[in-house]
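# Structural overview
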Amino acid sequence: MQAFKKYDEGNVREIVDPLMQEVVDEDILMKMFELAFQCAAPTRSDRPDMKAVGEQLWAVRMDYLRSGRRG
């Protein structure tokens, strides 16, 4: 999985669509991709439940708003 390799190497900007015009803080991107990869875990027991996903998404959103939306 190429995206996971880039994430693991810390190259999250390379995963983002190059046509995306908004620049997002790298810390926010790392949190978003971390959650995405958790949700895509091969076994159900390794995936977070919806409550945990909602809580993490809310936390990422708050971090995004606090960061001034730009990296």
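Everything here concerns the structure above.
Now for a description of the structure that goes with this document.

## Focus on the environment of A41
Of note, A41 is situated in the loop between α2 (26–39) and α3 (50–66). Taking the relative accessible area as the measure of exposure, A41 reaches 11% and is therefore buried. Excluding residues within four positions of it along the chain, A41 makes contact with D46 and R47.

## Some thoughts on the nonpolar core
With ten residues, the main nonpolar core is built from Y7, V12, V16, V24, I28, L29, F33, F37, V60 and Y64. Every element with two or more residues in this core is listed here: α2 and α3. Considering each element in turn, this core owes the most residues, four residues, to α2. Once residues lying within four places of it in the same chain are set aside, the contact partners of V12 are K6, Y7, E26, L29, M30 and F33.

## Some details on the side chain of D63
If you trace the backbone, D63 turns up in helix α3. In terms of polar contacts, D63 uses its side chain to reach the side chain of R66, at 2.7 Å. When sequence neighbours within four positions are dropped, the list of residues in contact with D63 reads I28 and K31.

## Some points on the packing of aromatic side chains
Using the criterion set out here, one finds four aromatic pairs in the structure. For the pair F4 and F37, a centre-to-centre distance of 5.3 Å together with 90° between the ring planes defines the contact as edge-to-face. Here the residue F4 occupies a position in helix α1 (residues 2–8), and F37 occupies one in helix α2, the gap between them amounting to 33 residues. On the accessibility criterion, F4 (39% relative accessible area) is partly exposed. Judged by relative accessible area, F37 falls into the buried class, the value being 17%. Pairwise contacts between aromatic rings join F4, Y7, F33 and F37 into one cluster.

Thresholds, definitions, all that
- Residues numbered from 1 in each chain as written.
- Predicted model: local features only at pLDDT ≥ 70, side-chain atom pairs only at ≥ 80, totals over all residues.
- Heavy atoms only, no water.
- Helix = DSSP H or I, 4+ residues; strand = E, 2+ residues; numbered from the N terminus.
- Buried < 20%, exposed > 50% of the residue type's maximum accessible area, 1.4 Å probe, protein only.
- Contact = heavy atoms within 4.5 Å.
- Core = buried A, V, L, I, M, F, W, Y, C linked by side-chain atoms within 4.5 Å.
- Polar contact = N/O pair within 3.5 Å; in protein donor to acceptor, adjacent residues only side chain to side chain.
- Phe/Tyr/Trp six-rings, centres within 6.5 Å; stacked < 30°, edge-to-face > 60°.

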